[in-house]
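Per-entry structural report
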Amino acid sequence: MKKLSTIFKATGFNLLSLSLTIPVALFLCFSLVHAQTWEKVPKKTQAQATAGLSGGEGQQMIFGIQYATTNTNTAYLVTDTNQVWKTTNANGTETIWNRKANGFLAAGGISLAVDPTDENIVYVAGSLNMSGVDDSVLNPVEGIFRTTDGGDNWTLVTSYSYSSYVFSGKAYFKRSVGFGNHIAFAGTDLYAAPSTGGLLRSANGTTWTLVDKNGGGYVLDTVECRNISIHPSSIAGSATCFVSATNGLWRIRDNNGSATVIQIGSGLPSYPYQIAFGSSTPNTIYAADGTSGIYRSTDGGVTFSARNNGLSSAISAGGSARYIAMSPVDQNKLLMSFRGITGNHIYYTNDAGANWIQTSNMDEQNANGWIAGSTFSQSPGAYERGIDDAQAPIAFHPTDKNIALTCGWGNQIKKTTDGGTTWRYSNSGYLGAAQGHYGVTHIGWDSTNVNRVLFGHGDFGPVLTEDGESTFKNIKTTWNGRSSTDSLAMRDTIIVGAVGPGASQRLHVSRNSGTSWTGLPGTEANYS
C-alpha cells in the first residue's frame, strides 16, 4: 500500500479512543463512514506561524512546475508520488497550494505542460515513480493525463512508459528520466517524448499517434528520450522539435506527421537534460549538460560551446547542471540549478550566460527561527536552507523576469522576486510528508495531554506538537545515516522511537520531549 502523504484531523469524536495499531488507511475509512469532518494539518513551525504563514512541509520530489501564461496567478506542479498540485494565488503575499488528483491514476509524474491559451487545460506525463512493482500494474498508471477543468478531473488519454523499465516481471523507476520536459506545445499541436517508443503527436490532446519518419518507421523509436523542446517558430502542422536522448541531441522537422530527423549538437560532452531557446533570436539555444555545466549554441543547435563563467566551483564540487530556464520577456535573463550538491546552488545571469551569479540566500529568519529550514531541524544547517540536491526545476513568471519558482531543500517550493538574488519559502498548503508505513504506529499520542502528539516520517524524522496541532517542531535523531522514524510512542516527556533506514531500525529514547536522545544497542530490528 502507498504511504499516506497528508495528515488529516477529525472533529466530532475523541481520537484517543482509537487504537493506534489500526493502519492509517483503515483509520481514515472508519472515520469517513461516520461522516466526520476532516481537515488537512500542515506541519507548520513556530517560525512560519510568526511570519503569518499557513505552513506546509513539502517533501515529495517536484519534477515539474509551470505558470499558466493566460493567468499568472495560476501555477501547477507535479511530484513523484503525490500527484499534481495547483495554486490560484501565485502572485499573492502567501502562495497556497492544493492537491488536484481526482482521476489521476498514476502515483505522480515527471513533467507537465499548461496550455498557452487556457489555464484550465494541463497535460502531465504520468509515471510509476516506484520500484519493484509487479509489471501487470504498469500500463494503467503511466501515460499522458489531461485535465480541462483546472485539475478537478483528469483523464488518461494515452498509455506510454515515462520512467520505468521491467526486469524479472517487476517495474522499476528510472529516476534519470525525470529531469526533462516530456510534453510541449507547437501552436495548438502537442508533442510528447515518452522514455521509450518514439515521438508522439496530437492535434486535439486526446488522440495521440506516433510521428512517421520519412523513409519508413517512427521518429526516435529506438532511443530513450529525456527531454523535448519546441522551436519558437513552430506552428500547428509544421513544427521543429529538439529531443534529447541518451545518445545525443536530435532535431525533428515534422510536417503534418511526416518528419525528417538529424542528429545535432557538436561540442556537447553528453546529452542535455534541458534546453532553452532565445525568445527574439531563436537560433540561440542553451543546454544544461550535466557535470559539464551550461553550453550555448548560436546556430540553431548545430554546434555548442561552454558558457560556464561563474559555475566552475559548483561543477568542481560535483554539481550536475540539470535545469535551465529563460525568462519569456528577456532572453538575457536565465536561471539554472544543479543536482548533487547542497546549499544555495541556483544561479542567474543578466547577460545571456556571459556571467553566472550564485544566489545569496534561500531562507530568512525571525525571532523563532528559519522559516523554511525549521521544518527539518530546530537548528537547520546551510544545506537545509538551500536547494534540494535531487530536484530543482525552475518556472519563470510569464510577464516578470524577476519572479520565478523553484524547489528548495526537502522539496519545498521557493520563490524569487528579485531575479534570483534571494529566494523565499512559498510552500504553504503543499503537504507531502510520508507518514511511515502501513501497519505500524507512526502517530504517538500523549495520554496525559490531548494537545501533545507525535508524527513519525520516513523522510525527515518525527515532529511534535504541544498546542493541539497548531504548530510543530522537528525533534529528529539519527541512526545509521537516517532520521527516518516510522514507529513512535509517547507518555508525558518520555518518547520511544524506531529510528533508521529501510528494514533495519534501532530503538531510541528521549526523556525530555525530544531535546536529546539515547540509542539502545541490541534493539536493532525491522520495526516498519
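Here is a short report on the structure shown in this document.

**Overview of the overall build of the protein chain**
Scanning the protein chain for helices and strands turns up three helices and 44 strands. Split into buried and exposed, the 528 residues of the protein chain put 57% on the buried side. For the protein chain, the proportion of contacts with a sequence separation of at least 24, taken over those separated by at least 6, is 52%.

**Some points on the pairing of strand β22 (residues 258–264)**
Where strand β18 (residues 212–213) lies against β22, two bridges are found, and the strand directions are parallel. Counted as the bridge partner of Asp212 is Ser258 from β22. From the end of strand β21 (residues 248–255) to the start of β22, which pair antiparallel, there are two residues, and Asn256 there has a positive phi angle of about 55°.

**Here's the deal with the packing of aromatic side chains**
Any aromatic ring pair is given by two values, namely how distant the centres are and how the planes are angled relative to each other. Using the criterion set out here, one finds eleven aromatic pairs in the structure. Ring geometry for Phe338 versus Tyr347: centroids 5.7 Å apart, planes at 85°, classification edge-to-face. Side by side, Phe338 and Tyr347 carry an identical accessibility label, which is buried. Their ring planes at 90° and their centres at 5.0 Å tell us that Tyr383 and Trp409 sit as a pair that is edge-to-face. Highlighted residues: Tyr383 in the loop between β32 (369–370) and β33 (395–396) and Trp409 in the loop between β34 (404–408) and β35 (412–416), separated in sequence by 26 residues. The class for Trp409 is buried, based on a relative accessible area of 19%.

**Describing the sheet that holds strand β8 (residues 122–127)**
Strand order across the open sheet formed by four strands is β7-β8-β10-β11, with antiparallel pairing between neighbours. Looking along the sheet, the strands with just one partner apiece sit at the ends: β7 (108–114) and β11 (155–158). Averaged over all adjacent pairs, the angle separating strand axes in this sheet is 30°, with direction ignored. Bridge analysis of β8 against strand β10 (residues 143–147) gives five bridges, and the strand direction is antiparallel. Its bridge partner being in β10, Gly126 is matched across the sheet by Gly143.

Rules behind the numbers
- Residues numbered from 1 in each chain as written.
- Predicted model: local features only at pLDDT ≥ 70, side-chain atom pairs only at ≥ 80, totals over all residues.
- Heavy atoms only, no water.
- Helix = DSSP H or I, 4+ residues; strand = E, 2+ residues; numbered from the N terminus.
- Buried < 20%, exposed > 50% of the residue type's maximum accessible area, 1.4 Å probe, protein only.
- Contact = heavy atoms within 4.5 Å.
- Pairing = 2+ DSSP bridges.
- Phe/Tyr/Trp six-rings, centres within 6.5 Å; stacked < 30°, edge-to-face > 60°.
- Axes fitted to C-alpha atoms, helices over the stretch in contact; angles between N-to-C directions.

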